[in-house]
Amino acid sequence: MVESSPEFVQLITPEGERISNPELDPWVADVTDAQLTAWYEDMVVVRRIDTEATALQRQGELGLWPPLLGQEAAQVGSSRATRDDDFIFPSYRENAVAYVRGVPFADIVRVWRGNAQSGWDPYKHQLAAPNIIIGAQTLHAVGWGVGAKYDGVDSVAVTYFGDGATSEGDVNEAMVFAASFQAPVVFFCQNNHWAISEPVGLQAVQSIADRAPGFGIPSLRVDGNDVLAVVAATRLALDRARRGDGPTFIEAVTYRMGPHTTADDPTRYRDKAELEAWKLRDPILRLQRLLDSLGLLTPELEARTQAKADEVAAELRAGCINMPDPEPLTVFDNVYATPNATLEKERDQYAAYLSSFDSSNTTSNGGRS
Amino acid sequence: MTPDTTTKTLTLAKAINAGLHRALTDDPRVVLLGEDIGALGGVFRVTSDLLAEFGPRRVMDTPLAESAIIGMAVGLAYRGYRPVAEIQFDGFIYPGFDQIVSQVAKLHYRTQGAVKMPITIRVPFGGGIGAAEHHSESPEAYFTHTSGLRVIAVSNPQDAYSLIRQAIASDDPVLYFEPKGRYHAKGEVIPELGASMERATIVAPGTDVTLVTYGPLVPTARDAALAAADEGVSIEVIDLRSLSPVDYPTLEASVRKTGRLVVTHEANRTGGIGGEVIASLTESCFNYLESAPVRVTGFDIPYPAAKLESHHLPDLDRILDGIDTVMGR
């Protein structure tokens, strides 16, 4: 099995040292101290969301949760680089992207509580419904991007997927179509090294980023645990798209430090030493070290960040626990945009069936209740 | 500009072309996409001349990948377009199946109504033209089994024109099945929307047997009604038009009148629309039935080679045999 090669572009070393890269530096030359600390806060908060949601799952409040532990820089950096009018087509692990896009905290867990198939209005946050069919959303991004181009706007479609999805036909078809139509699309692959139990080497015998040029799409391989490098790469790709230069492929090399979902047991398939090695490359730790070296990691910042994380976690927990169950007959809602006679009949019959219990409760003494 | 209300005689293929032309003219958000639909005008010429008139942004020749054609339509719909995707042949729809049933059908439900998928997927279907493998199939039942999709099949030029326009105007995704063996059949077309695409049509009234069909077998069923009349049996022929949802009130009224039911389609019997229609009508009209309903369908086989297809496809004689069965003769 060939491991994915370690070469990638980087702006912050795991030790927190800012190093220069002539290709990426210009894209983050304007980044302020305030932005760096804001991204730090984002990453701490989304890690806390992960911890809280995992706890809620263990307590039976969520059916399932897909942790993004370790992927904070990849998700925060890339989504913070987008503009509000860009449209994001995520997979199912992009909970940090949903946070960045302003999705209410309880809505982030709505899907995993089982209350709805999608927690938010895609148009309100320019964030499509999460997609569990891995890779299917990459095609939607191409269609949206072509539409934006036809509309004469410089908005860009950004699509997220994992290393596992790159084996799917849809991702490859999306690259063919994006190249053919020069669609303004950023393909953002989080190579987190594991597709449930399958190592990235089973998906790719050479680096994933190497594939895109074969489709006529320029690509970048970036350290996905380096928030500054991710911001720079995404800005570069977005700019190409806005200027009419078509799609760009970014492979963000990162690591899923937790399980695939709360139902998974990674100790069955991966070496503990591998996890320990990746912990040294933790995305939050390295930004913390950089901030420290810049004199920005003040007790005030730490306190403020922790307070924000606590506040978000409390709001998430309260929103989750107090979320009312959906009404039974809403199961029939929104299957069609226009009435469907067959379905209306099913709804009416089920409504009558349900109301038969109500009448037995209210009219009989000792009826079934 | 005053609307054109002139009656014309058109082939079924030309009628769809005229409907597409009108939809492209009326709504700038309508775009066509598919393989070979541009300069060639489609392998059946259904999209002839549309590229020349509307340009490559409205009439998009795509690379050869069905999942991508449908997936791209999803993205266009997310952005507010009304895409009309052409699948070149029935048997080529399967690579696009996941996008149709997992994405197109479900996104409105998944997003609690926030996202609409006004996508029309045109599919030439059916056999009898001596084609190669994968070019003669009847895959409609796969889609009637999927909630969130509307499925229609047209049988004549007027419906072809009217229903393509209704399909494109629908905020729900529509699978639009075109009987490729009848593309060259001619008929009068008035440029109007006609009866709702949800309604079945009684194409020949009768009193003894209800004969239900759709798409390519409608003319055959009509012939069967004429032949049966010679033997003194009065057949009511119904063209379903909509396979999902089915217009049960029209079917129920007919069965209550005739007391006998035959359903015929080219598609395989097992899990087909015939079984569903018969089950539903048996539930609602059991006490009116004089005899057990009968299906006259393709066999439960992969679509056979061209020199065997006449044995697989229901024809006049097999339909008449089915009518004899429900008549107890």
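Residues numbered from 1 in each chain as written. Chains lettered and ligands numbered in written order. Predicted model: local features only at pLDDT ≥ 70, side-chain atom pairs only at ≥ 80, totals over all residues. Heavy atoms only, no water.

Caption draft 1: Broad picture of the overall build of chain B. Helices and strands together make up the secondary structure of chain B, namely 12 helices and 14 strands. Computed over the C-alpha atoms, the radius of gyration of chain B is 20 Å, within 12% of the 20 Å expected from 2.2 N^0.38 for a compact globule of 329 residues. For chain B, the residues scored as buried account for 60% of the 329 residues in total. The contacts of chain B with a sequence gap of at least 6 include a subset with a gap of at least 24, amounting to 81%. Taking the average place of the 29 positive charges on the side chains of chain B and the average place of its 40 negative ones, the gap between the two points comes to 6 Å. (Helix = DSSP H or I, 4+ residues; strand = E, 2+ residues; numbered from the N terminus. Rg over C-alpha atoms; globule rule 2.2 N^0.38 Å. Buried < 20%, exposed > 50% of the residue type's maximum accessible area, 1.4 Å probe, protein only. Contact = heavy atoms within 4.5 Å. Lys, Arg positive; Asp, Glu negative; His and termini not counted. Charge placed at Lys NZ, Arg CZ, Asp CG, Glu CD.)

Caption draft 2: Quick peek at the UniProt feature "domain: Transketolase-like pyrimidine-binding" (unreviewed entry) in chain B. In the numbering adopted here, UniProt assigns the feature "domain: Transketolase-like pyrimidine-binding" (unreviewed entry) to residues 10–185 of chain B. With 36% helix and 18% strand, residues 10–185 of chain B has end C-alpha atoms that lie 8 Å from one another. (UniProt positions renumbered as here; feature names shortened; annotations may be inferred.)

Caption draft 3: Representation of the pattern of salt bridges in the model. Residue and element names in this part refer to chain A. Tallied over the full model, the rule gives 36 salt bridges over all chains. Of the charged contacts, one joins Arg 83 and Asp 85 as a salt bridge, the two residues approaching to 2.8 Å between their closest N and O atoms. The exposure class of Arg 83 is partly exposed, given its relative accessible area of 31%. On the basis of relative accessibility, which here comes to 28%, the residue Asp 85 falls in the partly exposed class. (Salt bridge = Lys/Arg side-chain N within 4 Å of Asp/Glu carboxyl O.)

Caption draft 4: Highlighting the sheet that holds strand β7 (residues 174–179) of chain B. Residues and elements named next belong to chain B. Here we have 7 strands laid out as an open sheet, ordered β3-β2-β4-β5-β7-β6-β12, and mixed in their pairing. For this open sheet the edge positions go to β3 (59–61) and β12 (242–244), each flanked by a neighbour on one side alone. Each adjacent strand pair in this sheet contributes to an overall mean axis angle of 20°, direction not counted. (Pairing = 2+ DSSP bridges. Axes fitted to C-alpha atoms, helices over the stretch in contact; angles between N-to-C directions.)

Caption draft 5: Structural context of the interface of chain A and chain B. The partner chain B presents 47 residues to the 43 residues of chain A that form the contact. Of the roughly 3600 Å² buried where chain A meets chain B, counting both sides, 58% is carbon and sulfur surface. In this structure, the connection of chain A to chain B is made through 2 salt bridges. For Asp 151 of chain A, the salt bridge identified is with Arg 29 of chain B, shortest N-O distance 3.2 Å. Where chain A touches chain B, the interface holds 24 residue pairs in polar contact (both at pLDDT 80 or more). (Buried area = accessible area lost by both parts, 1.4 Å probe. Polar contact = N/O pair within 3.5 Å; in protein donor to acceptor, adjacent residues only side chain to side chain.)

Caption draft 6: Spatial organisation of the side chain of Gln 126 of chain A. Residue and element names in this part refer to chain A. Position of Gln 126 relative to the elements: it lies in the loop between α5 (122–125) and α6 (136–150). Reaching out from Gln 126, the side chain makes a polar contact with the backbone oxygen of Asp 85 at a distance of 3.2 Å. Aside from chain neighbours lying at most four places away, what touches Gln 126 is Asp 84, Asp 85, Asp 86, Phe 87, Ile 88, Arg 101 and Trp 144.

Caption draft 7: Quick peek at the sheet that holds strand β6 (residues 219–223) of chain A. All names here are of chain A. Spatially, β1-β2-β3-β7-β6 is the arrangement adopted by the 5 strands of the open sheet, whose pairing is parallel. Two strands in the sheet have a free side with no partner beyond their single neighbour: β1 (87–89) and β6. Strand-to-strand twist of the sheet, defined as the mean angle between neighbouring strand axes without regard to direction, takes the value 20°. Strands β1, β2 (157–162) and β3 (185–191) of the sheet are contacted by α6, whose axis makes an angle of about 170° with β2.

Caption draft 8: Representation of unusual backbone geometry. Of the consecutive residues Ser 244 of chain B and Pro 245 of chain B, the connecting peptide bond is found in the cis state with omega at 0°. Along the chain, Pro 245 of chain B falls in the loop between β12 and α9 (248–258). The phi angle at His 193 of chain A is positive, at roughly 75°, despite the residue not being glycine. Among the secondary structure elements, His 193 of chain A is positioned in the loop between β3 and β4 (194–195). The buried category is assigned to His 193 of chain A, whose relative accessible area is 8%. Even without being a glycine, Asn 334 of chain A presents a positive backbone phi close to 65°. Turning to its location among the elements, Asn 334 of chain A is positioned in the loop between α12 (299–321) and α13 (341–363). Among the residues examined, Asn 334 of chain A registers a relative accessible area of 28% and is labelled partly exposed.

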